[in-house]
Amino acid sequence: MDTTEVTGWESAVLDGGPADGLRMKVADRPRVIQVTCPCPLEGASPDGVRAEAVYLYRRDYTVTGEPLRYGFDIASP
């Protein structure tokens, strides 16, 4: 496995999960991308408090060219 990191912006696509198919630009080939989705709150929130669901996407190291691919981590918190 080649672990040489590339510096600069590259296209990436998310595979699976709530952000399936989302395309973006990433810098320096991060190992993990975090996606958040807002959760509606009941009633007023004090001092701008908000809640968000967090999902993780991990880089697929078998993909070496653009677009890089990040797969949904079902075990994300």
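Details of the structure are given in the entry above.
It should be emphasised that the depicted structure is a prediction, and the values quoted were computed from it without experimental measurement.

**Things to note about the packing of aromatic side chains**
Where two aromatic rings form a pair, the distance of their centres and the angle of their planes describe that pair.
Reasoning step 1: Summed over the entire model, instances satisfying the criterion amount to two aromatic pairs.
Reasoning step 2: With 6.2 Å between their ring centres and 50° between their planes, Tyr 55 and Phe 72 make a pair best called tilted. One end of the pair, Tyr 55, is in strand β4 (residues 51–59); the other, Phe 72, is in strand β5 (residues 68–72), and 17 residues separate them in sequence.
Reasoning step 3: What makes Phe 72 partly exposed here is its relative accessible area of 26%.
Reasoning step 4: Ring geometry for Tyr 57 against Phe 72: centres 5.5 Å apart, planes inclined by 55°, an arrangement best described as tilted. Highlighted residues: Tyr 57 in strand β4 and Phe 72 in strand β5, separated in sequence by 15 residues.
Reasoning step 5: An aromatic cluster is present here, built from Tyr 55, Tyr 57 and Phe 72 joined pairwise through their rings.

**Here we look at the nonpolar core**
Reasoning step 1: In this structure, Ala 12, Leu 14, Ala 19, Val 26, Ile 33, Val 35, Tyr 57, Leu 68 and Tyr 70 together form the largest nonpolar core, which totals nine residues.
Reasoning step 2: Elements with a minimum of two residues in this core: β1 (9–15), β3 (32–39) and β5.
Reasoning step 3: Dropping the residues within four chain positions of it, Val 26 is found in contact with Gly 8, Trp 9, Glu 10, Ala 12, Ile 33, Leu 68 and Tyr 70.

Procedures and definitions
- Residue positions are given per chain, counting from 1 as you read along its sequence in written order.
- Since the coordinates come from a predicted model, pLDDT governs what is reported: local features require at least 70, and pairs of side-chain atoms require 80 or more to be given and counted, while whole-chain, interface and lining totals use all residues.
- Side-chain metrics in this entry use all non-hydrogen atoms of the structure; hydrogen atoms and water are not considered.
- Classification of ring pairs uses Phe, Tyr and Trp, with its six-membered ring standing for Trp, and accepts pairs whose centres are within 6.5 Å; under 30 degrees between planes counts as stacked, over 60 as edge-to-face, and the remaining range as tilted.
- A helix here means a DSSP run of H or I that spans at least four residues, while a strand means a run of E at least two residues long, and both kinds are numbered starting from the N terminus.
- The rule is simple: take the accessible area with a 1.4 Å probe, protein chains only, and divide by the maximum for that residue type; under 20% is buried, over 50% is exposed, in between is partly exposed.
- Here, the term nonpolar core denotes a set of buried Ala, Val, Leu, Ile, Met, Phe, Trp, Tyr and Cys residues that are joined through side-chain atoms within 4.5 Å.
- Here, residues are in contact when the closest pair of their heavy atoms is within 4.5 Å.

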